[in-house]
Amino acid sequence: MSATTTESRGGLRSRLRSRGDYDFIGRSRTWLLVSLALVAVSLLGLAVRGLNFGLDFTGGTAIVVTGATSDFDSAEVREALAAEGVQESVVQVSEGAEGRGALIRTSSLEEIGGGQQDAVLQTVASITGAPREAIDIDAVGPQWGVQITRQALEGLGAFLLLVVAYIALRFEWRMAVAALVTLVHDVVVTIGIYALIGFEVTPASVIALLTILGYSLYDTVVVFDRVKENASRLTSVSTQSYAGMANSALNQVLLRSLSTSLTSLLPVGSLLFIGANLLGADTLQDLALALFVGMGVGTYSSIFVATPILVWLKEKEPRYAKLKERAASRR
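Residues numbered from 1 in each chain as written. Predicted model: local features only at pLDDT ≥ 70, side-chain atom pairs only at ≥ 80, totals over all residues. Heavy atoms only, no water.

(A) The overall build of the protein, seen in detail. A count of helices and strands for the protein gives twelve helices and six strands. Buried positions account for 42% of the 331 residues belonging to the protein. Contacts in the protein between residues far apart in sequence, at least 24 positions, make up 76% of those at least 6 positions apart. When the accessible surface of the protein is summed, it comes to about 17400 Å², and 60% of that surface belongs to carbon and sulfur atoms. (Helix = DSSP H or I, 4+ residues; strand = E, 2+ residues; numbered from the N terminus. Buried < 20%, exposed > 50% of the residue type's maximum accessible area, 1.4 Å probe, protein only. Contact = heavy atoms within 4.5 Å. Areas by Shrake-Rupley, 256 points an atom, 1.4 Å probe, with all protein chains shown as cover.)

(B) Representation of the packing of helix H7 (residues 173-197) against helix H11 (residues 306-314) in the model. Where H7 contacts H11, the two axes come as close as 9 Å, and the packing angle between them is 145 degrees. In the crossing of H7 with H11, the sense of the turn from one axis to the other is right-handed. Of H11, the residues touching H7 (which contributes Arg174, Met175, Val177, Ala178, Val181 and Thr182) are Ala306, Ile309, Leu310, Leu313 and Lys314. Of the residues contributing to the contact of H7 with H11, the split by class is eight nonpolar, one polar and two charged. (Axes fitted to C-alpha atoms, helices over the stretch in contact; angles between N-to-C directions. Left-handed = near helix turned anticlockwise from the far one by under 90°. Nonpolar A, V, L, I, M, F, W, Y, C, P; charged D, E, K, R; others polar.)

(C) Here's a closer look at helix H4 (residues 74-83). Within the span of H4, buried status applies to Ser74, Val77, Ala80 and Leu81. For H4, the angular spread of buried residues about the axis comes to 130 degrees, placing them on one side. Residues of H4 that are exposed and angled more than 90 degrees away from the buried face: Glu79 and Ala83. Trailing H4 by a residue or two, Gly85 shows a phi angle of about 95 degrees, which is positive. (Arc of directions from axis to C-beta.)

(D) Examining the pattern of salt bridges more closely. Counting across every chain of the model gives eight salt bridges. Among the salt bridges present, the one from Arg170 reaches Asp225, with a minimum N-O distance of 3.2 Å. Placement of Arg170 in helix H6 (residues 143-170) and of Asp225 in helix H8 (residues 203-231) is noted, with a sequence separation of 55 residues between them. Asp225 sits in the partly exposed class, given a relative accessible area of 32%. One network of salt bridges, with partners in common, ties together Glu172, Arg174, Lys314 and Glu317. (Salt bridge = Lys/Arg side-chain N within 4 Å of Asp/Glu carboxyl O.)

(E) Summary view of the environment of Val64. Examined against the element boundaries, Val64 turns out to sit in strand E2 (residues 60-68). Look at Val64 and you get partly exposed, because its relative accessible area is 35%. As a C-alpha pair, Val64 and Ala102 span 38 residues in sequence and 6.0 Å in three-dimensional space.

(F) Local environment of the packing of aromatic side chains. Taken as a whole and judged by the stated rule, the model has five aromatic pairs. Ring geometry for Tyr22 against Phe24: centres 4.8 Å apart, planes inclined by 65 degrees, an arrangement best described as edge-to-face. Among the aromatic residues, those joined into a cluster by ring pairs are Tyr22, Phe24, Trp31, Tyr300 and Phe304. Over the ring of Phe171 we find Arg170; its NZ or CZ atom is 4.6 Å from the centre of that ring. (Phe/Tyr/Trp six-rings, centres within 6.5 Å; stacked < 30°, edge-to-face > 60°. Lys NZ or Arg CZ within 6 Å of the ring centre and 35° of its normal.)

(G) Structural detail: H7. Between its terminal C-alpha atoms H7 stretches 36 Å, which fits the 36 Å expected from 25 residues at 1.5 Å a residue. Gly198 lies just past H7 and shows a positive phi near 90 degrees. (Expected span 1.5 Å × (residues − 1).)

(H) Region of interest: the environment of Ser89. Within the secondary structure, Ser89 sits in strand E3 (residues 89-96). Classification of Ser89 by relative accessible area gives buried; the value is 14%. Along the backbone, Ser89 and Thr61 are 28 residues apart, and their C-alpha atoms lie at a distance of 9.3 Å. Once you skip the residues sitting within four places of it in the chain, Ser89 turns out to touch Leu55, Arg78, Leu81, Arg105 and Thr106.

Following this line, the structure appears as structure tokens:
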């Protein structure tokens, strides 16, 4: 093994053992530009493409099947409906006391009671083996989705207020501001990714979005707790600046943050790629997708957004501004 390879592995091992010295804070301008670019692209995607709301938000047609006799799955039903011109549909297969059944939600049929509806019902009956009289069809509006959206926005507002209050009391107001900016960054970027890629927004997506805010906050609080602990050792005669101390704190908790993120992303990724895509558990897809995207964004922001903002705010204090000047003069 060459000396270069040994040295490289030694540096990696040192960093993973919390003794690394990567200059996160010194490159904060780079992270700032990256984050601003992500936010700008996300907002542009929202403005140009908008969100792809699911049927729960837009309304449509609900078809309830009972007494099915055929062995079918959701993919077969969707393919059959697509052949009839119904490109957007959500199919849930169920097993109950009355036998096998299904709940099918589609975009609003153009001819309620007309030829398109008759063709769709005939296709559903043929695929499921259910008699025509065992298939109910009804038009549904978007009220449920609108209600969920309103409640989610109210919950988000209450969550952000509680976060600011807790961190301000537990730590200080500057950390609360940094955490709030980080959470807003996570929400905007996650929603922007949904808009740019065209992922469908469902109630499960909204629930997952609120969930990942708690995850992102946890990672941020872990970093801030170490920063607060290290800051207590800074005095007026210290040779290290607040930025240098915060950078050391980030390196110390880097392994914990990455380990937490990895152990969270692996099961969520299994739900998304194995459970939803390979095994056909479609009901898991929306929840797992939002969690996977949001956790990735939250991991990035807790390291590259939250602490640099905190350092920028703290070094405006006279005490830490002097330490910064002293450290700069020594360099």
